[in-house]
Every structure is written in structure tokens, then in C-alpha cells.
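Coordinate inspection notes
In case you want the letters, here they are:
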Amino acid sequence: MLEVNDLNTFYGHVRAIRDVSISVHPGEIVAILGANGAGKSTLLNTIAGMIPPAAGRIALDGLDVTFRRSHELVQRGLILVPERRQLFWPLTVEENLRLGAYRCRTGTRQLGKNLERIYSLFPRLAERRKQGAGTLSGGEQQMVAIGRGLMSQPRLFLLDEPSLGLAPLVRAEIFRALRQLNGEHGLTLLLVEQDTKLALSIANRGYVMQTGQIVLQGQAQSLLANAEVHDIYLGKGPRTDAISITQ
Ligand SMILES: Nc1ncnc2c1ncn2[C@@H]1O[C@H](COP(=O)(O)OP(=O)(O)O)[C@@H](O)[C@H]1O
Ligand SMILES: [Mg+2]
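**Quick look at the overall build of the chain**
Counting secondary structure elements, the chain contains 10 helices and 10 strands. In summary, the chain has a C-alpha radius of gyration of 17 Å against a globular reference of 18 Å for 247 residues, a match within 12%. Accessible surface computed for the chain: about 11400 Å², of which carbon and sulfur atoms make up 49%. Looking at charge distribution, the chain has the averaged site of its 28 positive side-chain charges lying 5 Å from that of its 22 negative ones.

Right under this line is the structure:
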């Protein structure tokens, strides 16, 4: 579904990612792991058409989309939920969600159905549909950010640190919803996380990044068992020994 080959992205003269190659197959959950500053957000933002790469190739469903802009990628079903949520605070929950459909020429009926689907995935958003986004808890804001992405009817959903700054129970709730989206709705996920254990508890495969490069990759189970993932590559990133998702 997604093939990234030898991708390089610079900020000015500074190379933030170097020769990164990853693939995501339909129906998979793939995790990108790594410490702060490893280049995870740069990778997602480059794939999503927010930053042009200096070299490399990005293919979506076999089509070269390397220099496509983000709105074109949205129309092809590639949607990014950015880091730190980026909601419109003065607007209500539902207004924020509706903004997600803005690029998608969704008919009114479909739009209503999509909203209901999001409210059933996150019932607390239904209770708060008229509430200002700026007054929500961090977890609820993350739910709105995910919901807004879903309004664009993604096929490939890119998520940048959906658990950032959230309490363990809320993290688990968000990840349960992500697994449900994948399992019941067949949504393919490329997930950036610092919370290794949580991410690998739902992922099929993972890649570990360090200073802009992929340094390790494998099946989620083998990465989970690999102590190096924590100790060498992820440094002092958050460990979540207490959290895991059970069916
Ligand atoms: N807008 C930017 N301008 C300049 N350097 C940046 C910018 N964004 C990120 N960087 C740098 O690029 C590197 C990778 O950052 P980032 O992709 O945000 O890492 P991560 O998401 O893994 O924490 C870091 O060294 C960071 O300081
Ligand atoms: Mg980041």
C-alpha cells in the first residue's frame, strides 16, 4: 500500500532523516519507534506531503506520490493526525470533526453517518459535541483529532504520538479504538510512538529510528522481546511497564 525508498529530508542544511525505507501493507498496523528527535515526525510529515523530501521515493498503491501535496494525498485516502493534536480551540467538538470532511466532498448523509461512527467509537465525544475543543481534556482532544482524521474517510491513517501526554487509562482507551478501527473497519495504520510497549501491543511490525535512520525492524513480537529496543535505541523514553491492552 505504502512503499518508501531511501527517503531523505532536510531542514536547511540539517538532514533530519537519512535513506529511510519502509513499507506498509494493506490491513497492517506498523509502528515507528524511537526517542525524541529521532526523526519520526519528519518521516510522517514527509510521507503526508507536508515537507518535500530532498531525495527518495514515496509510492501509494503503486503510484509515485513523492511530490504530491497533502490535500491530494487526502483525496487518495492518506490522512495524517499530527502530533499535539492541532484542533481549533474556539470551535466545538462537532465543528472540529466537520472540518475533517472539508477536503472530501462528502455528501450530507455520508457525513452524518461518519459522525455517528465516530461518536460510537468515542462515546464521550457524543456527550460533548457542543463543547468547545479548548475545554476538553488531553485525551478527549486526541479523540477529536482522530475523529477529524476519520471524517476524511482514510484508507491509510498516519498517527503521530497519539498517546503523548496522556494518562495510562486514556492511552489504553485510544489504543483500543485504534485496534478496533483496524480490526473492524480494515483501516491500515502507520503509528509513530515513543511508548514502545503500547505501540507494539497493537502493531504487526515495527521500525526503530535513531538519529534519522532505521536501525532495527521486525515483527512486533520479536521487537517486544528485544531488550535492545528499550535500552539502546530508546534511551530514557517513557517506559510503560504497567500498561498493556487486553482483549
Ligand atoms: N521545523 C524544524 N526545523 C529545524 N529542525 C527541525 C524541525 N523539526 C524538527 N527538526 C529537527 O529534526 C530532527 C528530527 O525531529 P523530529 O522529526 O521532530 O523527531 P521526533 O518526531 O522523532 O521527535 C531533530 O533534530 C529536530 O530538532
Ligand atoms: Mg515527533
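**A word on the sheet that holds strand β3 (residues 29-33)**
Taking strand neighbours across the sheet as the criterion, the 6 strands line up as β6-β7-β8-β3-β9-β10 in an open arrangement whose pairing is mixed. Two strands bound the open sheet, and with one partner strand each, they are β6 (78-81) and β10 (213-219). Along the sheet, successive strands turn relative to each other by an average axial angle of 15 degrees, direction set aside.

**Quick word on the site of ligand 1**
All residues adjacent to ligand 1 are Tyr 11, Ala 16, Ala 35, Asn 36, Gly 37, Ala 38, Gly 39, Lys 40, Ser 41 and Thr 42. Between ligand 1 and Ala 38, the relevant distance is 3.1 Å, taken from an oxygen atom to a main-chain nitrogen or oxygen of the residue. Between ligand 1 and Lys 40 there is a distance of 2.7 Å, counted from an oxygen atom to a side-chain nitrogen or oxygen. Summarising the interface, the protein chains cover 56% of the accessible area of ligand 1, which totals 560 Å² for the free molecule. At 3 residues, the largest contribution of residues to the shell around ligand 1 is made by helix α1 (residues 40-47). Grouping the constituent residues of the shell around ligand 1 by class yields 4 nonpolar, 5 polar and 1 charged.

**Examining the side chain of Lys 40**
Within the secondary structure, Lys 40 is located in helix α1. On the basis of relative accessible area, Lys 40 is assigned to the buried category, the value being 5%. If we ignore the near neighbours within four places in the chain, the residues touching Lys 40 are Ile 32, Leu 33, Gly 34, Ala 35, Glu 161, Val 192, Glu 193, Gln 194 and Met 209.

**Quick word on the coordination of the magnesium ion (ligand 2)**
For the magnesium ion (ligand 2), the protein coordination sphere consists of Ser 41 (OG) and Glu 83 (OE), at 2.0 to 2.6 Å. With Ser 41 in helix α1 and Glu 83 in the loop between β6 and α3 (93-99), this residue pair connects regions lying 42 residues apart in the sequence.

**Focus: the environment of Leu 190**
Structurally, the position occupied by Leu 190 is in strand β8 (residues 188-193). You can call Leu 190 buried: its relative accessible area is 0%. Leu 190 sits 162 residues away from Glu 28 along the chain, and the two C-alpha atoms are 8.2 Å apart. Residues contacting Leu 190, with those up to four places away along its chain left out, are Leu 2, Ile 22, Val 24, Val 30, Ile 32, Leu 44, Ile 47, Phe 157, Leu 158 and Leu 159.

**Looking at the packing of helix α4 (residues 108-121) against helix α6 (residues 138-151)**
For the pair α4 and α6, the least separation of the axes is 10 Å and the interaxial angle reads 150 degrees. One finds that α4 runs roughly antiparallel with respect to α6. Remark: the crossing between α4 and α6 carries right-handed chirality. Counted together, Leu 111, Asn 114, Leu 115, Ile 118 and Leu 121 of α4 and Gly 147, Leu 150 and Met 151 of α6 form the full contact between these two elements. For the contact of α4 with α6, the residue count by class is 6 nonpolar, 2 polar and no charged.

**Structural notes on the pattern of salt bridges**
Think of it this way: side chains of opposite charge can pair up when their charged atoms draw near. Under the counting rule described, the total for this entry stands at 13 salt bridges. The salt bridge partner of Glu 161 is Lys 40, with a shortest N-O separation of 3.9 Å. Residue Glu 161 is found in the loop between β7 (156-160) and α7 (168-185), and its partner Lys 40 is found in helix α1; the two are separated by 121 residues along the sequence. Glu 161 sits in the buried class, given a relative accessible area of 4%. Two residues, Glu 94 and Arg 129, come together in a salt bridge whose shortest N-O distance is 3.6 Å. Here Glu 94 is found in helix α3, whereas its partner Arg 129 is found in the loop between α5 (123-127) and α6, with 35 residues between them in sequence. For Glu 94, a relative accessible area of 11% gives the class buried. On the accessibility criterion, Arg 129 (26% relative accessible area) is partly exposed.

Conventions and cut-offs
- Residue positions are given per chain, counted from 1 along the sequence in the order it is written.
- Here the convention is simple: chains get letters from A, ligands get numbers from 1, in the order in which they are written.
- For this predicted model, a pLDDT threshold of at least 70 governs which residues receive local features, and a threshold of 80 or more governs which side-chain atom pairs are given and counted, while totals over whole chains, interfaces and linings are taken from all residues.
- In computing side-chain values, all of the structure's heavy atoms are included and hydrogens and water are not.
- Secondary structure elements are defined from DSSP: runs of H or I of at least 4 residues count as helices, runs of E of at least 2 residues count as strands, and each element is numbered from the N terminus.
- Every radius of gyration here is taken over C-alpha atoms, with the globule rule written as 2.2 Å times N^0.38, N being the number of residues.
- Accessible areas in this description were obtained via Shrake-Rupley with a 1.4 Å probe; residue shielding takes into account the shown protein chains only.
- Charge convention: Lys and Arg are scored as positive, Asp and Glu as negative, and His as well as the terminal groups of each chain are ignored.
- Charged side chains are reduced to one point each, which is NZ for Lys, CZ for Arg, CG for Asp and CD for Glu.
- Any two strands between which DSSP finds at least two bridges are classified as paired.
- Every angle, taken between N-to-C directions, lies between 0 and 180 degrees, and every axis is a line fitted to C-alpha atoms, over only the stretch in contact when it is a helix.
- The criterion for a residue being near a molecule or strand is simple. One of its heavy atoms has to lie within 4 Å of it.
- Two N or O atoms count as a polar contact when they lie within 3.5 Å, although within protein this holds only if one can serve as hydrogen donor and the other as acceptor, and sequence-adjacent residues are included solely when both atoms are side-chain atoms.
- Any residue that is not Ala, Val, Leu, Ile, Met, Phe, Trp, Tyr, Cys, Pro, Asp, Glu, Lys or Arg is counted as polar, Gly included; the first ten are nonpolar and the last four charged.
- Relative accessible area decides the class of each residue, using a 1.4 Å probe on protein chains only: under 20% of the type maximum gives buried, over 50% gives exposed, and in between gives partly exposed.
- Residue contacts are defined here by distance: any two heavy atoms, one from each residue, within 4.5 Å place the two residues in contact.
- Counted as coordinating are nitrogen, oxygen and sulfur atoms within 2.8 Å of the metal, or 3.2 Å for Na, K and Ca, while water is not included, which may make sites look incomplete.
- In this scheme, roughly parallel covers angles under 35 degrees and roughly antiparallel covers those over 145, while 65 to 115 is roughly perpendicular and the rest are oblique.
- Crossings are classed by handedness, with left-handed meaning an anticlockwise turn of the near helix from the far one by less than a right angle and right-handed meaning a clockwise turn.
- Salt bridges are defined by distance alone: a side-chain nitrogen of Lys or Arg within 4 Å of a carboxyl oxygen of Asp or Glu.

No statement about biological role is implied by the geometric values presented.
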